[in-house]
Amino acid sequence: MFEVVQNQIGLKGADRYDALFGELTDFIDLKSGGVDEKALRLMLATLYIHHFTKEPPISLWMRGCPAWMCAALETVCDRQVRGHSAGFLAVNARATTKPAVFFSRYAEQMFFNINIARRALDVMVALTQGHMEWSPLNRKLDQIGTEVTSPFVWDGRVTFLCGAGARMNEYEHKIYRRAWPVAENTFVEVSYDLIKAPEGRVIDLIGEAMEAAPTMGRLILNVLDRGFRESHKARKPEGLFDSVLWLTRVVAAFRAPGFDPVALGVRAVRLAMAHASMMGKEEADSEDVTLARKVILDAIPEASRKIAAALPLDGYFTHHQISRVAKVRPKESEQALDTLFQNDCVFRTYARGEGEMYTVSPEMQQALLIGL
């Protein structure tokens, strides 16, 4: 049986964090075959902001979060939110009298109905922003009796961690695209990249990881290090995040007009700086920059990410060619390229016999070169 022991009492600052984080990741590797460490660090950074600072909390929408990680987070968070209607979310808020971390394991299930999704996201945004004025809409929609969801005003501090599946069916995607703009300027999207388990051990490791989830939760609390946490704030060197902040304008080219790239950049840097502070660093460094970069690039929708990866560095191309390379529907590639054109990321021309053709702008070429 693996014993959870804080055996780094003599260590301080970055050495202590590295030892505790290494203990966590070694156990995860043993029980599950591995996890996306950048996504894990960002989750720890948002918990750090919630528990150890007075800054506005940053809530995460975690796409592809493994089931065993979700089970571990259920042991870490203050309240598990098992329903997705707006009324149910409001009841959870009303029952919360102190700063709390809410965890929703199947957050994407709200996208089976546009009205439910929009109203639920409205409530989640209000919770993360610290103020909500609630009035029930009707019993049928919220599926909770009006005697429970009577009108009230709530003020508090909540951080939301939402585990969301990596895959939705076409109808759910349609609802998601229509509802998500309600929350896209509030939540930070984090994608967990799939770590392939050793061949032949996939099923065994899934079972082992689920059984070990409570221990993983305790190790996560160890990394947060509440009993030994020192008040510390890392410095931000001038110009450190300039290159990744430039990428926000490229990301905005893939999003709807209401998307706020400045807010995305601010949250990305705040999470990176929280990670540096949590590690006990004197100042943020390139490791923290990679976390800010992940936050920014994870804001690109899945289909658009495939299209971005398919764009050639030079020469002319059609949306049909991009559709084939990216393996997306022609309509999706056409819409994405049109949005990029409107944001001056690609230029458009017409060639006899070829029709509409595109080439990337110098700025977009730079983004592709540095790994967009």
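The rules we used
- Residues numbered from 1 in each chain as written.
- Predicted model: local features only at pLDDT ≥ 70, side-chain atom pairs only at ≥ 80, totals over all residues.
- Heavy atoms only, no water.
- Helix = DSSP H or I, 4+ residues; strand = E, 2+ residues; numbered from the N terminus.
- Buried < 20%, exposed > 50% of the residue type's maximum accessible area, 1.4 Å probe, protein only.
- Contact = heavy atoms within 4.5 Å.
- Pairing = 2+ DSSP bridges.
- Axes fitted to C-alpha atoms, helices over the stretch in contact; angles between N-to-C directions.
- Salt bridge = Lys/Arg side-chain N within 4 Å of Asp/Glu carboxyl O.
- Core = buried A, V, L, I, M, F, W, Y, C linked by side-chain atoms within 4.5 Å.
- Parallel < 35°, antiparallel > 145°, perpendicular 65-115°, else oblique.
- Left-handed = near helix turned anticlockwise from the far one by under 90°.
- Nonpolar A, V, L, I, M, F, W, Y, C, P; charged D, E, K, R; others polar.

I keep staring at the overall build of the protein and nothing clicks. Help me out?
The helix and strand inventory of the protein stands at 16 helices and nine strands. Its C-alpha atoms give the protein principal-axis dimensions of roughly 70 × 55 × 50 Å. Within the span of the protein, comprising 372 residues, buried residues form 51% of the whole. Contacts in the protein between residues at least 24 apart in sequence constitute 73% of all its contacts with a sequence separation of at least 6.

Quick question: what am I supposed to make of the sheet that holds strand β2 (residues 79-80) here?
Hydrogen bonds between backbone atoms are what pair the strands of a sheet, whose relative direction is either parallel or antiparallel. With parallel pairing, five strands are arranged side by side in an open sheet as β2-β3-β6-β1-β7. Two strands close off the open sheet at either side, each with one partner strand: β2 and β7 (188-191). Note: strand β1 (residues 60-63) against strand β6 (residues 158-164), four bridges, orientation parallel. Following the sheet pairing, tryptophan 61 is matched in β6 by cysteine 162. Sitting on the sheet, helix α5 (residues 114-129) is in contact with β1, β3 (100-104) and β6, with an inclination near 140° to β6.

Just checking my understanding: could you explain the pattern of salt bridges for this structure?
If the charged atoms of two oppositely charged side chains come close together, the side chains can form a pair. According to the stated counting rule, one finds 17 salt bridges in the structure shown. A salt bridge links lysine 294 to aspartate 36; the shortest N-O distance between them is 3.5 Å. Of this pair, lysine 294 sits in helix α12 (residues 286-297) while aspartate 36 sits in the loop between α1 (13-32) and α2 (37-52), and the two are 258 residues apart along the sequence. Aspartate 36 carries the same exposure label as lysine 294, and that label is buried. Here glutamate 189 and arginine 255 are joined by a salt bridge, their closest N and O atoms 3.1 Å apart. On the criterion of sequence distance, the pair formed by glutamate 189 in strand β7 and arginine 255 in the loop between α10 (242-253) and α11 (261-278) is long-range, its members being 66 residues apart. Like glutamate 189, the residue arginine 255 is buried in the burial classification. Each of Arg41, Lys281, Asp285, Glu287 and Asp288 takes part in salt bridges that share partners, so that together they form one network.

How should the nonpolar core be read in this particular structure?
Side chains that are nonpolar tend, in soluble globular proteins, to be buried together. Met43, Met69 and Leu161 are the most contacted members of the largest nonpolar core, which totals 91 residues. When sequence neighbours within four positions are dropped, the list of residues in contact with methionine 69 reads Ile28, Val35, Leu40, Met43, Tyr192 and Ile220. Membership of the second largest hydrophobic core comes to 35 residues, among which are Ala100, Ala120, Leu121 and Val125.

What should I look at first to understand unusual backbone geometry in this one?
Note on backbone geometry: most residues besides glycine have negative phi, and most peptide bonds are trans. Not every positive phi belongs to a glycine, and lysine 327 is a case in point at roughly 60°. Within the element layout of this structure, lysine 327 appears in the loop between α14 (319-326) and α15 (330-342).

Help me out: how do you make sense of the pairing of strand β5 (residues 152-155) in this one?
Looking down a regular strand, the side chains alternate between one sheet face and the other. In β5, alternate side chains face the same way, and those of Phe152 and Trp154 are buried while those of Val153 and Asp155 on the opposite face are not. Sheet topology note: the strand β4 (residues 131-134)/β5 ladder contains four bridges and is antiparallel. Its bridge partner lying in β5, glutamate 133 is registered against valine 153.

So what exactly am I meant to see when it comes to the packing of α2 against helix α9 (residues 213-224) here?
Packed helices, taken two at a time, are described by the angle their axes make and the gap between the axes. At a minimum axis separation of 10 Å, α2 and α9 run at an interaxial angle of 60°. Classified by the angle between their axes, α2 and α9 sit oblique to one another. Our pair here, α2 against α9, has a crossing hand that is right-handed. Listed contacts from α9 to Met43, Leu44, Leu47, Tyr48, His51 and Phe52 of α2 are Ile220, Val223 and Leu224. Looking at side-chain class alone, the contact of α2 with α9 contains eight nonpolar, one polar and no charged residues.

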